[in-house]
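# Architecture at a glance
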Amino acid sequence: MPPIQFTPFSSQVLRLIFCIFLATVLLSLCSAFGTGTEDASNFLSVMRGDADAGFARAFEPMEFEFPRDHGPHPRYKIEWWYYTGNLKSDSGDDFGYQLTFFRSALTPKVQERSSNFSANQIYMAHFALTNASRGEFYSFERFSRGAAGLAGATGEPRYSVWLEDWSARETDSGVVRLSAVDDQTDPGAGIHLTLRETRPAVLHGDRGLSQKAPEPGNANYYYSLVGLNTTGFVTVDGKKEAVSGVSWMDHEFGTSALAEGMVGWDWFSVQLDNGAALMLYCFRRTDQTRDSQTFEGTLAYPDGVQVAIRPGDFTLTVTRNWKSPETGIRYPSGWRVALPKLNCQFSVEPLISSQELHTEFTYWEGAVRVEGEFNGAPVSGWGYTELTGYQ
């Protein structure tokens with residue numbers, strides 16, 4: 001059989017082939033992220049018990065080694081790399097961006113085959129750009145298999161994760177370059193950004209072991225890189241603008257699922273102007289009420305001290321809602337967060353309400369603005385919020 005010539009046409013054909021695997025991918029991803037659809041709730045059982053007997057599970061804290069552990073962990077079923085950031089252009093416009101890569105394993109082991117396209121890993125990537133000054137939001141999606149150079153990740157000798165020409169690549173110690181351009185739609189959008197680490201990784205849960213449900217092993221390894229100094233360019237409608245700001249990177253991997261009766265989560269990342277960084281999340285039940293026993297997070301002080309936030313340490317109050325005109329889904333669109341034990345309280349407001357991603361599974365993720373008090377002193381900041389499982 002002659003070798004396959006990788007032309008634009010064959011690329012389109014391959015994308016169609018990848019969609020054949022989509023049901024399997026979504027089965028895993030819906031379990032991991034909780035889309036809140038009826039099918040997603042039925043899929044949760046697949047991520048438990050014998051179905052995952054060949055995959056590794058997270059039972060106890062691990063010793064992270066970077067940059068190696070920025071790379072992939074194929075022994076675990078699911079993994080994602082989540083970049084979000086808040087930027088300002090030289091002309092004063094406010095932007096937010098999201099570039100995320102998801103890895104889902106179809107089988108615990110790779111079956112040896114002669115084809116370079118043989119793979120047991122499926123990758124998905126989401127790219128979104130918010131132009132708050134113009135009230136515009138763009139979102140894009142890609143799928144590929146982890147083979148033939150189409151998609152993949154490495155940790156050594158350099159960290160990288162990519163799907164076609166969307167990528168996050170380490171260029172120097174503690175420096176990563178993000179690149180994502182979508183010129184297949186009108187209007188197109190793109191980012192070319194350089195992120196520089198300024199502080200150690202923040203380890204969530206028990207030294208990076210983040211429990212997702214009471215069962216042993218139903219947990220992920222989870223850390224964040226915060227305070228990432230960011231410079232570069234964004235492009236919208238063919239207009240290229242220089243930007244600078246701050247980014248946040250989440251990396252999480254494991255073989256886990258939402259607990260029975262949970263359909264999604266609310267997640268917040270906050271970076272304050274006093275140097276503090278805060279991650280908070282809580283799961284929601286099928287009736288959309290929040291499960292107070294899964295309120296969890298981490299506060300990283302400017303001096304590097306990290307404090308785990310447990311259930312009962314904070315309250316989250318919705319101050320207003322927004323209904324999507326495209327899907328009819330009703331989302332929270334303003335919050336009041338209080339952490340009385342830490343003498344901290346603040347409000348969270350989206351830069352714009354319309355930041356709903358219309359991908360294979362619909363969810364809301366967008367740039368937010370923060371105002372409040374920290375140890376009695378006024379603070380402000382920026383961040384990102386993710387809302388999954390709303391109907």
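Numbering of residues starts from 1 in every chain and runs along the sequence as written. Given that the model is predicted, a residue must reach a pLDDT of at least 70 before its local features are reported, and side-chain atom pairs must reach 80 or more before they are shown or counted; all residues, however, enter totals for whole chains, interfaces and linings. Hydrogens and water are ignored here; the side-chain numbers use all heavy atoms of the structure.

### Quick word on the packing of aromatic side chains
- For Phe, Tyr and Trp, where Trp contributes only its six-membered ring, two rings pair if their centres lie within 6.5 Å, and the inter-plane angle classes them as stacked under 30 degrees, edge-to-face over 60, or tilted in between. This structure, assessed with the given rule, holds 18 aromatic pairs.
- With centroids separated by 5.4 Å and ring planes inclined at 70°, the aromatic side chains of Phe64 and Tyr223 adopt a geometry described as edge-to-face. Placement of the pair is Phe64 in the loop between helix H3 (38-43) and strand E1 (78-89) and Tyr223 in strand E12 (residues 219-236), with a sequence separation of 159 residues.
- Either the NZ atom of lysine or the CZ atom of arginine qualifies as a charge over a ring when it sits within 6 Å of the ring centre and within 35 degrees of the ring normal. We note Lys240 situated over the ring of Phe233; from NZ or CZ to the ring centre the distance is 4.4 Å.
- A cation over an aromatic ring shows up here: Arg284 above the ring of Tyr390, its NZ or CZ 3.5 Å from the ring centre. Helix and strand definitions follow DSSP, with helices as H or I runs of at least four residues and strands as E runs of at least two, each counted in order from the N terminus.

### Let's talk about the confidence of the model for the protein
- The predictor reports its confidence for every residue as pLDDT, a score running from 0 up to 100. Chain-level pLDDT for the protein is 86 on average; 84% of the residues reach the 70-or-more range.
- A contact between two residues is defined here by any heavy atoms of the two lying within 4.5 Å. Ignoring residues within four places in sequence, the model shows residues 1-51, a span with pLDDT below 50, making 84 contacts including any to other chains.

### Brief notes about the pairing of strand E4 (residues 136-145)
- In terms of burial, E4 is a largely internal element, seven of the ten residues being buried.
- What makes two strands pair is DSSP finding at least two bridges between them. Of the pairings in the sheet, the one linking strand E3 (residues 121-131) to E4 comprises ten bridges and is antiparallel in character. The partner of Thr130 across the bridge, within E4, is Phe137.
- Between the end of E3 and the start of E4, which pair antiparallel, lie four residues, with Gly135 showing a positive phi angle near 65°. Only protein chains enter the accessibility calculation, which uses a 1.4 Å probe. A residue is then buried if its area is under 20% of the maximum for its type, exposed if over 50%, and partly exposed in between.

### Observations concerning the nonpolar core
- Side-chain atoms within 4.5 Å are what join buried Ala, Val, Leu, Ile, Met, Phe, Trp, Tyr and Cys residues into a set we call a nonpolar core. Tyr83, Tyr97, Phe101, Phe127, Leu129, Leu178 and Ile191 are the most contacted members of the largest nonpolar core, which totals 43 residues.
- The element contributing the most residues to this core is E12, with seven residues.
- Other than its neighbours up to four places away in sequence, Tyr83 contacts Tyr97, Gln98, Leu99, Thr100, Tyr159, Ala168, Val176, Leu178, Leu195, Trp248 and Met249.
- In terms of nonpolar packing, the next biggest core, distinct from the first, is built from 31 residues, Tyr82, Tyr222, Trp267 and Ile352 among them.

### Quick notes on the pattern of salt bridges
- Salt bridge criterion: a side-chain nitrogen from Lys or Arg within 4 Å of a carboxyl oxygen from Asp or Glu. Per the stated rule, a full pass over the model turns up 17 salt bridges.
- Among the ionic pairs, Arg310 bridges to Glu296, the shortest N-O distance being 3.8 Å. Separated by 14 residues along the polypeptide, Arg310 in the loop between strand E17 (306-309) and strand E18 (315-318) and Glu296 in strand E16 (residues 296-300) bring together distant segments of the chain.
- Put simply, Glu65, Arg68 and Asp69 are held in one network by salt bridges that share partners.

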